[in-house]
Amino acid sequence: MKSLHIFTFLFLYSILSYGQDFSVSGIVIDAENNPIEFANVVLFSEDRSEVLKGTSSDQTGFFSLNNLEAKTYVIKVSYIGFTEFTQKIVLTGTLDLQTIVLKEASEQLDEISIIAQKPTIKREADRLVFNIEKTALVEGNMLQVLKSTPGVLVIGDEITVKNSNPTVYINNRKVNLSSEDLNQLLEGSSANAIKSVEVITNPSARYDAESGVVLNIIMSKNLVTGYRGSVFSNYTQAVFPRYTAGTSHFFKNEDISLNVNYSYSKAKINRDGDDTVNFLNASNTTDESWQSITNRNTWSETHNLNANFDYFISDNNTLSFSTSALYLPYFKYKIDNNTTIRDANGDFDSRFTADNLSRDTKYNLAFDLDFDHSFKKGSLAINTHYTNYNYERNQGVISNFYDVNNSFLNASAFNTTNNQDTNIFAGKIDYSLPLSESSNFETGLKLSNTKTESDITQFDVDLNSGNETIDTQNSDAFDYDEQIYAAYVNYDLSTEKWSVNAGLRVEQTNVEGNSPLTNIKNTQDYLEWFPNANIQYNFSYDYSIKANYKRSIARPSYASLNPFRFFLNDNYVVSGNPFLAPTFTDHFVVGTNITDYFTFEAYYKNFDGAISEIPRQDNNTNVIDYISVNFDKTVEYGFDFITYFNATNRWSVYAVTSFYNFEEETNFGQGFVTQNQWSNYSELQNDFTLLKDNSLNISFVLTWVGKNLQGFQTVEDRLFSDLAISKTILNKKGILSLSVSDLFNMQDSDSNVKYQNQFSTRFVDIDNRFVRLGFRYKFGNTKLNSNARAIDSEERERLEKQEN
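For clarity, every value in this text was computed on a predicted model and none was experimentally measured. (Residues numbered from 1 in each chain as written. Predicted model: local features only at pLDDT ≥ 70, side-chain atom pairs only at ≥ 80, totals over all residues. Heavy atoms only, no water.)

Caption draft 1: Spotlight on the sheet that holds strand E31 (residues 572-575). Spatially, the 4 strands line up as an open sheet ordered E30-E31-E35-E34, and their pairing is mixed. Two strands bound the open sheet, and with one partner strand each, they are strand E30 (565-567) and strand E34 (611-618). Along the sheet, successive strands turn relative to each other by an average axial angle of 25 degrees, direction set aside. The pairing of E31 with strand E35 (residues 623-630) spans 4 bridges and is classified as parallel. Bridge pairing links Tyr572 to Ile624 in E35. (Pairing = 2+ DSSP bridges. Helix = DSSP H or I, 4+ residues; strand = E, 2+ residues; numbered from the N terminus. Axes fitted to C-alpha atoms, helices over the stretch in contact; angles between N-to-C directions.)

Caption draft 2: Summary view of the pattern of salt bridges. By the definition in use, this model includes 15 salt bridges. With a closest N to O distance of 2.8 Å, Arg206 and Glu442 form a salt bridge. Of the two residues, Arg206 is situated in the loop between strand E14 (194-200) and strand E15 (214-219) and Glu442 in strand E24 (residues 439-461); the sequence distance between them amounts to 236 residues. Via salt bridges that share partners, Asp208, Glu210, Lys446, Arg505, Glu507 and Arg555 belong to a single interconnected network. (Salt bridge = Lys/Arg side-chain N within 4 Å of Asp/Glu carboxyl O.)

Caption draft 3: Here's a closer look at unusual backbone geometry. Unlike most non-glycine residues, Asn67 shows phi in positive territory, near 55 degrees. Structurally, the position occupied by Asn67 is in strand E4 (residues 62-68). A positive phi angle is found at Phe712, which is not glycine, with a value near 60 degrees. Looking at the secondary structure, you find Phe712 in the loop between strand E40 (708-710) and strand E41 (713-715). For Phe712, a relative accessible area of 1% translates into the label buried. (Buried < 20%, exposed > 50% of the residue type's maximum accessible area, 1.4 Å probe, protein only.)

Caption draft 4: Expanded view of the environment of Val239. You can see Val239 is positioned in the loop between strand E16 (226-237) and strand E17 (241-252). Sequence separation between Val239 and Lys268 is 29 residues; the distance between their C-alpha atoms is 8.5 Å. Setting aside residues up to four positions removed in sequence, Val239 forms contacts with Asn270 and Asp767. (Contact = heavy atoms within 4.5 Å.)

Caption draft 5: Representation of the side chain of Asp370. Mapped onto the elements of the fold, Asp370 is located in strand E21 (residues 348-374). For Asp370, the side chain forms a polar contact with the side chain of Asn383, separated by 2.9 Å. The residues contacting Asp370, other than those within four sequence positions of it, are Arg173, Thr318, Leu319, Ser320, Ile382 and Asn383. (Polar contact = N/O pair within 3.5 Å; in protein donor to acceptor, adjacent residues only side chain to side chain.)

Caption draft 6: Highlighting the side chain of Asn619. Position of Asn619 relative to the elements: it lies in the loop between E34 and E35. Polar side-chain contacts of Asn619 include one of 2.8 Å to the backbone nitrogen of Leu280. Within the local environment of Asn619, its side chain forms a polar contact with the backbone oxygen of Asn757, the two atoms lying 3.1 Å apart. In this view, Asn619 contacts Asn278, Phe279, Leu280 and Asn757; residues no more than four positions away in its chain are not counted.

Caption draft 7: Focus on the sheet that holds strand E3 (residues 51-56). If you walk across this open sheet you meet the 4 strands as E3-E2-E5-E6, and the pairing is antiparallel. Lying at the two open borders of the sheet, with one neighbouring strand each, are E3 and strand E6 (85-90). Within this sheet the neighbouring strands show an average axis-to-axis angle of 20 degrees, counted without direction. Pairing analysis gives 6 bridges linking strand E2 (residues 40-45) to strand E5 (residues 72-78), with the strands arranged antiparallel. Directly across from Ser45, in E5, lies its bridge partner Tyr73.

That is the geometry; function is a separate question.
Right under this line is the structure:
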């Protein structure tokens, strides 16, 4: 261990002490010899394929780019309203460009506006990049952006990409949140700092093996110095009103970069349900039919804070600290249920009501410390991560029962307390080495540890005296400890004809779950290999073929393994399953690209032990148990057609349609059940930029999800629709926004279950039909911001042309 410490110290010391001394400087002036402040100065590689450095001129027009290597560069100096200065330089020592004169260009603003109309969607070998910087979506929240991202579907608390739950990253850092908390974080976070969303359908070995599909939210960063900020607020009218307000700040100089985003949300969200469970007799004919009409409301106040601090130790070394905080000091959850029971003839037999009131407090604090070093050839990245999640719930349930004459019979009540504390520690190191101009090698190590302590206590309540008695049958504690050790290698090659990415990841998993009160233990110890490969061959500029393969894992969540039984009322319960095994997925894709506009793909996915939460009715006790189980067989295969094009220079269109078959098979103890369903997923997205000054942006998305199969539940057709409009005002310092969701009222879920002795239907009216009005005001160095964005748009457009 002592030798390891010495080696680590010497290694980091050698990294920190490495650097270059060459520099490029100059003074930027206009034709009248006036200095130009805040001119953008950007340094590119010789072929302009990479932006290497950036700065801006000071009040005297002076700029300096330091710590450069001896090589050939392209330098560009620009400012809105002036023609740009571009020059190739061969750096062999310190270079003084002396005076650089920028000439006024009366049509420069119009030219930049036209250039800015770049495609918002770009397909790469393993991902789709959805750029929202110039769309109306930046005036919404992060969740709204994901809803509008091609291929991403958000239903309730669940985010899916083609029937798979993606892993969400922000700036390549994994977000360790449950689906419910993740939605709260995304819905409460402004999208104005988002640059793009990457839908990575075949992640490389660098990503965790659990990342079968990755949604990577890339936040904007400026290369130039200065300060800018904004404040925003929006009002949402759904069934009930919702409010959000927040502020964003960005500061950068030669030594540091700081980005802080804060938002506060207050909401009341409604949800209505109509469930019918047909309890069957031994002949599998209806004995009783239970129809439950449910109204659920949630009240919440949410604080979100995201911050990132970069310290540029030298031109080759950067130390970064980032944090993401979610805090809910107030969360109330109220369910009013009325269940009507009818006999086999449909005649009224009895009914009961169940009122559930819960109050929660929770917080999730995540911290990352990163160190990045650039060698002469290659780079090293070190990351440490810590998450603390704390959750407390107090629940009270009271039920009233009525006879065949609808006369009151009796009542029952119980209270529940539930506490959970989770700590996640992780550390990783990644090394990247360019082997040539067209190939790159990556390798890395990672370890993570998740520890959770939780308990649940249920009390039976005497309604006459108010006294509470512990229900030992439904009280428990659960301790969970998960350790994962991982290593990977990855190689990628990109030439005019070939594009290859291949990697291998290995992960060792150790899991210990212990429920001391029930003496239930869960121990898992397994080593698994996860290969992945992408290969593409370009016959010509207009035609290419490709093939992909990836193996991934979906480990059962802590909540799924927890053996607790959480009663919503006397007859509805959510149960954990401590005997769940992980799911292994093999994903194959073959396809072709025809020109820049059309992509055809065929795919096949095999899920070994797919995990799904399903409702199971007990026809003897009349209890409906929502429990996660492993399926014996799950297979999905289908065909995709994708196109993206600019209908005009102000109108872009993205369209996809997918026809796929989903098959599930398992044995519930009464023989195997097999179901399969062909379905269609189609999406049409239109983005418009209107008015002469391009100040009006419109995004309209339609998503069709045909009848499909999910966990032995058949879900009927749905149409998702979202409209977002934004208009800049106040000399482009202010932005008004309007967004509308579910224009056609066709997003509600209507499903049914029918196999063996299971027979039920379910309709859920989700509170996702709304109108949202928003306003954002930008301040600080707004000229700098506008200039940087316009020039950045121009350069990306130019690079795309070079790639083509």
